[in-house]
Amino acid sequence: MTEERPLKVVGFGGTLKASSTTLVSLRRVLSTCQRLGADTELVEAGSLALPIYDWGAQPTAEVERFAQIFHGADALVWASPLYHGTISGLFKNAIDWLEILRERSPPYLMDKPIGLIGIAGGGQALQVITSMEQIVRSLRAWTIPFVVPINRAADVFSSTGELKDERVIEQLEQLAAELLRSGKIFSNASSG
Ligand SMILES: Cc1cc2nc3c(=O)[nH]c(=O)nc-3n(C[C@H](O)[C@H](O)[C@H](O)COP(=O)(O)O)c2cc1C
């Protein structure tokens, strides 16, 4: 019997805030994925030096590197804060650069499962998830059914960004397990 290679899970999101709650959540999901046997990579949106998306512009080396990490993933987990009712501009600008994957084989993020986390100061975190779901479909990927909308961030994270809500920690760990389960299904299907 051939040994299964570990799945590669890429986490993407976060903000420029020092104690970014979206980054903390992503880290929790990725560390759980790692514990469950996956290889992981975190792409911090705030650390990328991507230009504003410009159709027809030559992609910079950083744009290429960013898109390649996404293209090489078996599964992804995305996290964005709710900014004025939807995802942040930082998040969306990076995603727009994935347009350079249009002519790749497979194109865009075809048949990759994506786990979604949305975080809001108020009670509408599900709006982030809904916005991201539409993006996922446009990139020919699949959202996994289990999503984590985190409302009232100040009650869930300490002022220094630590997760203090056991129920949310459990949900993030469940998201990791479900993502790996979906990742295996998609990987097995593509290997025939
Ligand atoms: C520019 C801006 C816009 C925001 N808009 C909303 C909003 O429309 N609704 C809401 O519930 N929270 C809103 N928030 C709160 C953030 O969603 C919340 O603080 C989140 O935890 C920030 O993520 P971060 O800790 O990763 O930076 C906003 C915050 C900022 C800075």
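Coordinates for the structure precede this section.
Looking at the overall build of the protein
Then comes step 1: The helix and strand tally for the protein stands at six helices and six strands.
Then comes step 2: Radius of gyration (C-alpha) of the protein: 16 Å, near the 16 Å computed for a compact globule of 192 residues.
Then comes step 3: Counting only C-alpha atoms, the protein reaches 45 × 45 × 25 Å along its principal axes.
Then comes step 4: Counting every position in the protein, which comprises 192 residues, the buried fraction comes to 46%.
Then comes step 5: Pairs at least 24 residues apart make up 75% of the contacts formed inside the protein by residues separated by at least 6 positions.
Then comes step 6: Carbon and sulfur atoms make up 51% of the accessible area of the protein, which amounts to about 9800 Å² in all.
Then comes step 7: Of the side-chain charges in the protein, 18 are positive and 21 negative, and the distance between the mean point of each set is 2 Å.

What about the site of the ligand?
Then comes step 1: Taken together, 15 residues form the shell around the ligand, and within it Thr15, Lys17, Ser20, Thr21 and Thr22 come nearest.
Then comes step 2: In this structure, Gly85 approaches the ligand through a main-chain N or O atom, which is 3.2 Å from an oxygen atom.
Then comes step 3: One of the backbone nitrogen or oxygen atoms of Gly121 is found 3.1 Å away from a nitrogen atom of the ligand.
Then comes step 4: When the ligand is considered free in solution it has 640 Å² of accessible area, and contact with the protein chains removes 70% of it.
Then comes step 5: When the residues that make up the shell around the ligand are grouped by side-chain class, the tally is six nonpolar, eight polar and one charged.

With respect to the packing of aromatic side chains
Then comes step 1: As enumerated under the stated definition, the model contains eight aromatic pairs in all.
Then comes step 2: Here Phe70 and Trp78 contribute two aromatic rings whose centre-to-centre distance is 6.5 Å and whose plane-to-plane angle is 40 degrees, an arrangement assigned as tilted. For the pair Phe70 and Trp78, one class covers both residues: buried.
Then comes step 3: By the ring-pair criterion, three or more aromatic residues cluster together here, those being Phe12, Phe66, Phe70, Trp78 and Phe91.

As for helix α4 (residues 126-138)
Then comes step 1: In this model, α4 (13 residues) spans 19 Å end to end at C-alpha, consistent with the 18 Å of a helix rising 1.5 Å per residue.
Then comes step 2: Among all positions in α4, only Val128, Ile129, Ser131, Met132, Ile135 and Val136 are buried. An end-on view of α4 places all buried positions within 165 degrees of arc, on one side of the element.
Then comes step 3: On the buried face of α4, the contacting elements are β3 (75-81), α3 (89-96), β4 (113-119), β5 (142-143) and β6 (148-150).
Then comes step 4: Looking one or two residues beyond α4, the residue adopting positive phi is Arg140, at roughly 65 degrees.

Quick notes on the pairing of strand β2 (residues 39-44)
Then comes step 1: As paired elements, strand β1 (residues 8-13) and β2 share six bridges and run parallel to each other. When the sheet's bridge partners are listed, Phe12 is paired in β2 with Val43.
Then comes step 2: For the segment spanning β1, helix α1 (residues 21-35) and β2, crossover handedness is right-handed.

Observations regarding the pattern of salt bridges
Then comes step 1: According to the stated counting rule, one finds ten salt bridges in the structure shown.
Then comes step 2: Across the pair Asp74 and Arg5 runs a salt bridge, and its minimum N-O distance is 2.8 Å. One end of the pair, Asp74, is in the loop between α2 (61-71) and β3; the other, Arg5, is in the segment before β1, with 69 residues separating them in the sequence.
Then comes step 3: The exposure class assigned to Asp74 is buried, which follows from its relative accessible area of 14%.

Reading the values: rules and limits
In this convention, every chain numbers its residues from 1, walking through the sequence in written order. Side-chain atom pairs in this predicted model are given and counted only at pLDDT of 80 or more, local residue features only at pLDDT of at least 70, and totals for whole chains, interfaces and linings cover all residues. The side-chain figures draw on all heavy atoms in the structure; neither hydrogens nor water molecules are used. The way it works is that DSSP assigns letters per residue, a run of H or I at least four long becomes a helix, a run of E at least two long becomes a strand, and they are numbered from the N terminus. With C-alpha atoms as the basis for the radius of gyration, the globule rule is written as 2.2 Å multiplied by the number of residues raised to the power 0.38. With a 1.4 Å probe rolled over the protein chains alone, any residue whose accessible area is under 20% of its type maximum counts as buried; one over 50% counts as exposed, and the rest are partly exposed. Any two residues having at least one pair of non-hydrogen atoms within 4.5 Å are treated as being in contact. Note on areas: Shrake-Rupley with a 1.4 Å probe; residue coverage comes only from the protein chains shown. Working convention for charge: Lys and Arg count positive, Asp and Glu count negative, and His plus the chain ends are omitted. We put the charge of a Lys on NZ, of an Arg on CZ, of an Asp on CG and of a Glu on CD. Here a residue is considered near a molecule or strand provided that any single heavy atom belonging to it is located within 4 Å of it. Pairs of N or O atoms within 3.5 Å make up the polar contacts considered here, provided that, within protein, one atom can donate a hydrogen while the other can accept it, and that residues adjacent in sequence are counted only when both atoms are side-chain atoms. Each residue is assigned to one class: nonpolar for Ala, Val, Leu, Ile, Met, Phe, Trp, Tyr, Cys and Pro, charged for Asp, Glu, Lys and Arg, and polar for all the others, Gly among them. Two rings belonging to Phe, Tyr or Trp (six-membered ring only in the last case) form a pair when the distance between their centres is within 6.5 Å. Interplanar angles under 30 degrees mark stacking, angles over 60 mark edge-to-face geometry, and anything in between is tilted. Any helix carries an expected span of 1.5 Å times its number of residues minus one. Directions pointing from the helix axis toward each C-beta atom define the arc. Think of it this way: DSSP has to see at least two bridges between two strands before they count as a pair. Looking down the strands as they point away from the viewer, one classifies a crossover as right-handed if the path from the first strand across the helix to the second runs clockwise. A carboxyl oxygen of Asp or Glu within 4 Å of a side-chain nitrogen of Lys or Arg is what we treat as a salt bridge.

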